[in-house]
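If you want the building blocks of each chain, they are given just below.
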Amino acid sequence: MLDEIDIEILSTVAQRSDSLKAEIIRFCSAYRAKATIDRRINALTQAGLILQDKTRQKGRVFVIITPAGEKLLAGRTRCQPGGEQQ
């Protein structure tokens, strides 16, 4: 089950897909430890919601949202019955 940190990371990756992992960590770490964000990115990768491309450029990691991540994120932002957002 995803919590607000995971959703924040997924949203950031969706907005900035194909960005450097370091940039995603920087954007998400305003109120959280960088190590926490890094650990969560790795967990989201294991869950198949994002990809980390380490082959494109030596020494750099690019983060891309997967279709499963987009689908999950879209489901979390849809209006729920009664007009409330999840």
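Residues numbered from 1 in each chain as written. Predicted model: local features only at pLDDT ≥ 70, side-chain atom pairs only at ≥ 80, totals over all residues. Heavy atoms only, no water.

Asks: How should I be thinking about the nonpolar core in this particular structure?
Replies: A general tendency of soluble globular proteins is for nonpolar side chains to be buried together. Counting 17 residues, the largest nonpolar core has Ile9, Leu10, Val13, Ile37, Ile41, Leu44 and Ile50 as its most contacted members. Of the residues forming this core, the biggest block, five residues, is contributed by helix 1 (residues 4-15). When neighbours within four sequence positions are excluded, Ile37 is seen to be in contact with Ile5, Ile9, Ile25, Cys28, Ser29 and Arg32. (Core = buried A, V, L, I, M, F, W, Y, C linked by side-chain atoms within 4.5 Å. Buried < 20%, exposed > 50% of the residue type's maximum accessible area, 1.4 Å probe, protein only. Helix = DSSP H or I, 4+ residues; strand = E, 2+ residues; numbered from the N terminus. Contact = heavy atoms within 4.5 Å.)

Asks: How should the packing of aromatic side chains be read in this particular structure?
Replies: In this description, a pair of aromatic rings is defined by centroid distance and the angle of the planes. Summed over the entire model, instances satisfying the criterion amount to zero aromatic pairs. Above the face of the Phe27 ring, Arg16 is positioned so that its terminal group lies 3.7 Å from the ring centre. (Phe/Tyr/Trp six-rings, centres within 6.5 Å; stacked < 30°, edge-to-face > 60°. Lys NZ or Arg CZ within 6 Å of the ring centre and 35° of its normal.)

Asks: Explain the sheet that holds strand 2 (residues 50-53) here, please?
Replies: To summarise the sheet geometry, strands pair through backbone hydrogen bonds and adopt either a parallel or an antiparallel arrangement. Here we have three strands laid out as an open sheet, ordered 1-3-2, and antiparallel in their pairing. Since the sheet does not close on itself, it has two edges, and those belong to strand 1 (19-20) and strand 2, each with one partner. For strand 1 and strand 3 (residues 62-65), the ladder comprises two bridges, and the chain directions are antiparallel. If you follow Leu20 over to strand 3, its bridge partner there is Phe62. Packing against the sheet, helix 1 makes contact with strand 2 and strand 3, and its axis sits at approximately 100° to strand 3. (Pairing = 2+ DSSP bridges. Axes fitted to C-alpha atoms, helices over the stretch in contact; angles between N-to-C directions.)

Asks: Please clarify how the pattern of salt bridges should be interpreted in this entry.
Replies: Side-chain pairs of opposite charge can arise where the charged atoms are in close proximity. This structure, assessed with the given rule, holds seven salt bridges. The partner of Glu8 in a salt bridge is Arg32, with the nearest N and O atoms 3.2 Å apart. Separated by 24 residues along the polypeptide, Glu8 in helix 1 and Arg32 in the loop between helix 2 (21-28) and helix 3 (34-46) bring together distant segments of the chain. You can call Glu8 partly exposed: its relative accessible area is 27%. Ionic pairing is found between Asp53 and Arg56, a salt bridge with its closest N-O pair at 3.5 Å. What makes Arg56 partly exposed here is its relative accessible area of 42%. (Salt bridge = Lys/Arg side-chain N within 4 Å of Asp/Glu carboxyl O.)

Asks: How do you make sense of the environment of Leu10 when you look at a structure like this?
Replies: With respect to the helices and strands, the residue Leu10 is situated in helix 1. Placed 63 residues apart in sequence, Leu10 and Leu73 show a C-alpha to C-alpha distance of 7.0 Å. Residue contacts for Leu10: discarding those within four places in its chain leaves Leu2, Leu44, Leu49, Ile50, Ile65, Gly69, Leu72 and Leu73.

Asks: I would appreciate a short explanation of the environment of Leu51 in the present structure.
Replies: Position of Leu51 among the secondary structure elements: in strand 2. The spacing of Leu51 and Ile64 is 13 residues in sequence and 5.1 Å in space, taken between C-alpha atoms. Other than its neighbours up to four places away in sequence, Leu51 contacts Phe62, Val63, Ile64 and Thr66.

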